[in-house]
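So you can see what is in the structure, the chains are spelled out below.
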Amino acid sequence: MDYKQAIKRIIERRNSDLAEAHALFISLMRNNEVFRTAELAFRRAELDFLHGKTSQEDLDEKRKTRDNVVARLGLYDKLNPPFRCKICSDTGRTKNGICTCAKQLAHESKSDLSQFPLLTFDDFDITLYPEEVHQLVLKTAAELKTIALKGNTSKRKNINLIGAPGTGKTFLASCFASDCAEKGKSVIMLTAFSFVDRALKYHTTFDENKAEYLSPLLETDVLIIDDLGTESVFKNVTLEYLYHVINERQLKGLTTVITSNLSVDAIAKRYGERIASRLFDKKLCYTREFTFSDIRKIKVND
Ligand SMILES: [Zn+2]
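None of these values were measured; they are calculated from a predicted model. (Residues numbered from 1 in each chain as written. Predicted model: local features only at pLDDT ≥ 70, side-chain atom pairs only at ≥ 80, totals over all residues.)

Some words on the environment of Leu119
Now for step 1: Topologically, Leu119 is positioned in the loop between α5 (100-108) and α6 (134-150).
Now for step 2: Here Leu119 falls in the partly exposed class, since 17 other C-beta atoms lie within 10 Å of it.
Now for step 3: The sequence separation of Leu119 and Ser178 amounts to 59 residues, and the corresponding C-alpha distance is 6.5 Å.
Now for step 4: If sequence neighbours within four positions are ignored, Leu119 has contacts with Phe171, Ser174, Cys175 and Ser178. (Helix = DSSP H or I, 4+ residues; strand = E, 2+ residues; numbered from the N terminus. Buried ≥ 20, exposed ≤ 12 C-beta atoms within 10 Å, placed from the backbone. Contact = placed C-beta atoms within 7 Å.)

Comments concerning the pairing of strand β5 (residues 222-228)
Now for step 1: Summarising burial for β5: seven of the seven residues are buried, a large majority.
Now for step 2: Sheet topology note: the strand β4 (residues 187-191)/β5 ladder contains five bridges and is parallel. Bridge pairing links Met189 to Ile224 in β5.
Now for step 3: With five bridges joining them, β5 and strand β6 (residues 255-260) adopt parallel strand pairing. Across the sheet, residue Leu228 finds its bridge partner in β6, namely Ser260. (Pairing = 2+ DSSP bridges.)

Brief notes about the nonpolar core
Now for step 1: Ranked by size, the top nonpolar core spans 38 residues in total, and within it Phe176, Ala177, Ile224 and Ile225 carry the most contacts.
Now for step 2: By residue number, the principal contributor to this core is helix α7 (residues 169-182), which donates eight residues.
Now for step 3: Here Ala177 is in contact with Val187, Met189, Val222 and Ile224, once residues within four sequence places are set aside.
Now for step 4: Residues Ala6, Ile7, Leu105 and Ala106 belong to the second largest nonpolar core, which totals nine residues. (Core = buried A, V, L, I, M, F, W, Y, C linked by C-beta atoms within 7 Å.)

Quick look at unusual backbone geometry
Now for step 1: A positive phi angle, close to 50°, is found at Ser89, a residue other than glycine.
Now for step 2: Positive phi values are uncommon outside glycine, yet Asp90 reaches one of about 60°.
Now for step 3: Mapped onto the elements, Asp90 comes out in the loop between α4 (76-79) and β1 (93-94).
Now for step 4: The buried category is assigned to Asp90, around which 22 C-beta atoms lie within 10 Å.

Overview of the confidence of the model for the protein chain
Now for step 1: In this model, the protein chain carries a mean pLDDT of 87, and residues with pLDDT of at least 70 account for 93%.
Now for step 2: Here residues 297-302 is modelled with pLDDT under 50, and outside its nearest four sequence neighbours on either side it reaches three contacts, counting other chains as well. (pLDDT = per-residue confidence, 0-100.)

Let's talk about the pairing of β4
Now for step 1: Taken across its five residues, β4 has five buried, putting it largely inside the fold.
Now for step 2: Covered by surrounding structure in β4 are Val187, Met189 and Thr191 together with Ile188 and Leu190, the residues of both alternating faces.

Some points on the sheet that holds β5
Now for step 1: One open sheet holds the five strands; their spatial order is β4-β5-β6-β3-β7, and the pairing between them is parallel. On the outer flanks of this sheet lie β4 and β7 (285-290), each paired with one strand and no other. Shown here is a sheet whose adjacent strand axes are inclined to one another by a mean of 10°, direction ignored.
Now for step 2: Two strands pair when backbone bridges link them, and strand β3 (residues 158-163) and β7 are joined in this way by six bridges, in the parallel orientation. If you follow Ile162 over to β7, its bridge partner there is Glu289. (Axes fitted to C-alpha atoms, helices over the stretch in contact; angles between N-to-C directions.)

Points about the domain arrangement of the protein chain
Now for step 1: Domain annotation of the protein chain identifies domain 1 (3-79) and domain 2 (110-301).
Now for step 2: Using C-alpha coordinates to define each centre, domain 1 is positioned 47 Å away from domain 2. (Domains from an automatic or database assignment.)

Description of the packing of helix α10 (residues 238-252) against helix α11 (residues 264-279)
Now for step 1: It is the contact of α10 with α11, at a shortest axis distance of 10 Å, that shows an interaxial angle of 20°. When the interaxial angle is binned, α10 and α11 end up roughly parallel. Our pair here, α10 against α11, has a crossing hand that is left-handed. From α10, Leu239, Leu242, Tyr243, Ile246, Asn247 and Gln250 reach across to α11, where they touch Tyr271, Gly272, Arg274, Ile275, Arg278 and Leu279.
Now for step 2: In terms of residue class, the contact of α10 with α11 is built from seven nonpolar, three polar and two charged. (Parallel < 35°, antiparallel > 145°, perpendicular 65-115°, else oblique. Left-handed = near helix turned anticlockwise from the far one by under 90°. Nonpolar A, V, L, I, M, F, W, Y, C, P; charged D, E, K, R; others polar.)

What about helix α2 (residues 33-50)?
Now for step 1: With 18 residues, α2 extends 26 Å from end C-alpha to end C-alpha; this agrees with the ideal 26 Å at 1.5 Å per step.
Now for step 2: Those residues of α2 lying buried are Phe35, Ala38 and Ala45. The arc that holds the buried residues of α2, viewed along the axis, is 100°, so those residues lie on one side. Residues Glu33, Arg43, Leu47 and Leu50 are exposed on α2 and point more than 90 degrees away from its buried face.
Now for step 3: Among the structural elements, α1 (3-31) and α3 (56-73) are those in contact with the buried residues of α2.
Now for step 4: Backbone geometry just after α2 places Gly52 at a positive phi near 70°. (Expected span 1.5 Å × (residues − 1). Arc of directions from axis to C-beta.)

Now the structure itself:
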């Protein structure tokens, strides 16, 4: 889905919310005596007020009575559907251009986000970790939360969560993704495998739509590449596009998160100095290496 389609979809969604509200209203007028009486009394008061036959207080009173009926039915939001996006009032645009909600929708359709559990730092259960690492893991969670909170103003543009399988790296990355999305950032989370798949498609496509494979990865506010090191290395593709994306994003000041089972040294060896120096640049990066073993195993052994 491109931005234009996303905006169209957002407007359609708003219209469908309003159509549903209208259908509910009609049905209440037909079938709910209490609602109909209150609604008609309010409308009469509105007309009377216009003709100077009744007071503002009477009109307010009648409105309140009607709203109370709706509230008792638990239908207020259904009859008055709130905007899904308060920034653009579901128009998909702001005076500065395309709204974040439209970008997010367009990116989501290209993201593997649905494969990942949408967890928040509130879901975080430290008791799953061995006690000796509690302090380190809590510190990491708090630091990630701070980076998410600071958004674009954070100096840390690259986040590397490194450690053996089952140390909760993807979990922390998901929490980070949720926090950023909640703050209105567009987020793409995909596996290293999907990343390479896209790079390959981009590399081997020769029509005007090829940009669709890569440009969301260059534009999204937050990009999370999960499980780096498990993908295939294709000549002229994997390393080249990985460098291109990481470098471009760093230049634009956008946040990129990498999780990997490989150690920092192994990453440098596999991807080369050029990529490693971008990923692990001390001034721009946050790197956490977990050295404890699989928390899932620990739990099972208990
Ligand atoms: Zn919006």
